[in-house]
Amino acid sequence: ALPDTLLESELFGYKAGAFTDAKKDKPGKIALAEGGTLFLDEIGDISAAMQAKLLRVLQQKTFEPLGDTHSVTADVRVLAATNKDLPVLVKEGRFREDFYYRINILTIKVPALRERRSDIPLLCEHFLERFNARYNKSIREIASDALDALCAYDFPGNIRQLENSIEHAFIYCKGETLEAAHLPPEIKSALPEKSGARLAEVGSFDELEKQYLTAVLADNNGNKLRTAEKLGIHKATLFRKMHRLGLS
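1. Focus on the overall build of the chain
So, point 1. If you tally the helices and strands in the chain, you get 12 helices and eight strands.
So, point 2. For a compact globule of 248 residues, the expected C-alpha radius of gyration is about 18 Å, and the chain comes in at 24 Å, more than 25% above that figure.
So, point 3. In terms of overall dimensions, the chain has C-alpha extents of about 70 × 45 × 35 Å along its principal axes.
So, point 4. In the chain, which comprises 248 residues, the proportion classed as buried is 36%.
So, point 5. For the chain, contacts bridging at least 24 residues in sequence account for 64% of all contacts bridging at least 6.

Here it is as structure tokens:
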């Protein structure tokens with residue numbers, strides 16, 4: 001979200017007098033991360049010029065703060081994240097090929113939340129704890145109809161949208177149970193009028209997850225590899241979940 005000039009000063013730092021109002025030295029994020037890890041979010045949005053400057057850091061392990069004439073060594077591990085398809089951007093000439101191959105050493109793809117709906121109850125439980133502490137409330141559970149709606153919604157905004165939706169519900173909830181009526185309108189509309197898999201008798205998050213895993217396994221004729229792919233998780237993770245929930 002920052003223009004290149006500001007982004008460069010934030011990453012590389014600057015020396016006193018490098019520009020107007022630069023009255024003292026300021027270390028950049030690369031220097032502050034020395035010996036550790038620097039996380040660069042939305043790496044697909046930076047300009048080609050900034051990609052070239054970061055490429056030097058990754059290849060030569062050096063950089064120059066603004067206004068300095070000496071190179072500084074950078075001992076930093078870089079993690080980068082993006083929601084864009086970088087190979088497509090490379091083919092379209094909108095992302096430097098050399099920079100892409102330099103950062104693409106180890107890739108971890110995080111599936112969209114709609115591809116791993118079994119995580120939704122667990123995340124809801126986590127957000128209950130977080131917002132109870134933040135708002136000094138004691139909401140103990142999420143009603144079955146609210147969980148139905150949350151599990152049925154596709155969440156184009158992924159986990160951030162789920163978190164914001166639970167916080168929205170917290171603001172409106174005055175009791176100990178978070179109801180569907182407290183959820184944002186777009187999520188309430190995802191609740192089917194009739195469903196053969198209603199959750200009215202589900203007593204815990206584990207039971208809900210067990211019910212969902214059982215349904216997905218049945219849809220895939222018990223094939224655990226296809227089930228793991230459907231859920232967007234590793235097969236070993238599926239085995240651990242099944243063992244914990246008592247599924248054979």
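2. Structural notes on the pattern of salt bridges
Once their charged atoms are close, side chains differing in charge can pair, the charge on each being opposite to the other.
So, point 1. The final tally for this structure, using the stated rule, is 15 salt bridges.
So, point 2. Measuring nitrogen to oxygen at the nearest pair gives 3.8 Å for the salt bridge that ties Arg160 to Asp41. With a gap of 119 residues between them, Arg160 in helix 8 (residues 158–172) and Asp41 in the loop between strand 3 (37–40) and helix 3 (48–60) connect regions that are remote in the sequence.
So, point 3. Judged by its relative accessible area of 60%, Arg160 is exposed.
So, point 4. Residue Lys84 is joined to Asp45 by a salt bridge in which the shortest nitrogen-to-oxygen separation is 2.4 Å. With Lys84 in the loop between strand 6 (77–80) and helix 4 (86–91) and Asp45 in the loop between strand 3 and helix 3, this residue pair connects regions lying 39 residues apart in the sequence.

3. Focus: a nonpolar patch on the surface
So, point 1. Together, Ile105, Leu106, Ile108 and Val110 make up a nonpolar patch on the protein surface, roughly 510 Å² of accessible area in all.
So, point 2. By secondary structure assignment, the location of Leu106 is in the loop between helix 5 (97–103) and helix 6 (119–135).
So, point 3. When its relative accessible area of 70% is taken as the criterion, Leu106 is described as exposed.

4. Some thoughts on the packing of helix 6 against helix 10 (residues 205–219)
Each pair of packed helices can be described by the angle between their axes along with the distance between the axes.
So, point 1. For the pair helix 6 and helix 10, interaxial distance at closest approach is 9 Å and the crossing angle is 160°. By the angle class used here, helix 6 and helix 10 are roughly antiparallel. Crossing handedness for the pair helix 6 and helix 10: right-handed. Taking contact as the criterion, the partners of Pro121, Leu122, Cys124, Glu125 and Leu128 in helix 6 are, on helix 10, Phe205, Leu208 and Glu209.
So, point 2. Considering only residue class, the contact of helix 6 with helix 10 consists of six nonpolar, no polar and two charged.

5. Regarding the side chain of Asn220
So, point 1. Relative to the helices and strands, Asn220 is located in the loop between helix 10 and helix 11 (224–231).
So, point 2. Not counting the four nearest positions on each side in its chain, Asn220 is found in contact with Arg226, Thr227 and Lys230.

6. A short note on the packing of aromatic side chains
So, point 1. Counting across every chain of the model gives eight aromatic pairs.
So, point 2. Between Tyr100 and Tyr101, the ring centres sit 5.1 Å apart and the planes meet at 65°, which makes this aromatic pair edge-to-face.
So, point 3. Ring centres 6.2 Å apart and planes at 40° place the aromatic pair Phe131 and Tyr135 in the tilted group. One end of the pair, Phe131, and the other, Tyr135, are both in helix 6, four residues apart, so they sit about a helical turn from each other.

7. Remarks on unusual backbone geometry
So, point 1. Of note, the phi angle at Asn158 is positive, near 55°, even though the residue is not glycine.
So, point 2. Looking at where Asn158 falls in the secondary structure, it is placed in helix 8.
So, point 3. One non-glycine residue with positive phi stands out, namely Asn221, at about 55°.
So, point 4. We classify Asn221 as exposed; its relative accessible area is 70%.

8. Notes on the state of the cysteines
So, point 1. As enumerated under the stated definition, the model contains zero disulfides in all.
So, point 2. Free cysteine Cys124: the closest other cysteine sulfur is in Cys151, separated by 7.0 Å.
So, point 3. Relative accessible area serves as the criterion here: at 0%, Cys124 is assigned to the buried category.

9. Examining the environment of Phe131
So, point 1. Taking relative accessible area as the criterion, Phe131 reaches 0% and is therefore assigned buried.
So, point 2. Residues Phe131 and Leu86, spaced 45 residues apart in sequence, show a C-alpha to C-alpha distance of 35 Å.
So, point 3. Setting aside residues no more than four positions away along its own chain, Phe131 makes contact with Asn136, Glu163, Ile166, Glu167 and Phe170.

10. Details of the environment of Phe63
So, point 1. Along the chain, Phe63 turns up in strand 4 (residues 62–63).
So, point 2. The class of Phe63 is buried, set by a relative accessible area of 4%.
So, point 3. Here the alpha-carbon distance between Phe63 and Cys151, two residues 88 residues apart in the chain, equals 47 Å.
So, point 4. Phe63 has contacts with Phe12, Ile30, Ala31, Val57, His70, Ser71, Val72, Thr73 and Ala74, leaving out every residue within four places of it along the chain.

Calculation rules
- Residues numbered from 1 in each chain as written.
- Predicted model: local features only at pLDDT ≥ 70, side-chain atom pairs only at ≥ 80, totals over all residues.
- Heavy atoms only, no water.
- Helix = DSSP H or I, 4+ residues; strand = E, 2+ residues; numbered from the N terminus.
- Rg over C-alpha atoms; globule rule 2.2 N^0.38 Å.
- Buried < 20%, exposed > 50% of the residue type's maximum accessible area, 1.4 Å probe, protein only.
- Contact = heavy atoms within 4.5 Å.
- Salt bridge = Lys/Arg side-chain N within 4 Å of Asp/Glu carboxyl O.
- Patch = residues over 30% accessible without salt bridge, like charges linked within 9 Å, V, L, I, M, F, W, Y side chains within 5 Å.
- Areas by Shrake-Rupley, 256 points an atom, 1.4 Å probe, with all protein chains shown as cover.
- Axes fitted to C-alpha atoms, helices over the stretch in contact; angles between N-to-C directions.
- Parallel < 35°, antiparallel > 145°, perpendicular 65-115°, else oblique.
- Left-handed = near helix turned anticlockwise from the far one by under 90°.
- Nonpolar A, V, L, I, M, F, W, Y, C, P; charged D, E, K, R; others polar.
- Phe/Tyr/Trp six-rings, centres within 6.5 Å; stacked < 30°, edge-to-face > 60°.
- Disulfide = S-S within 2.5 Å.

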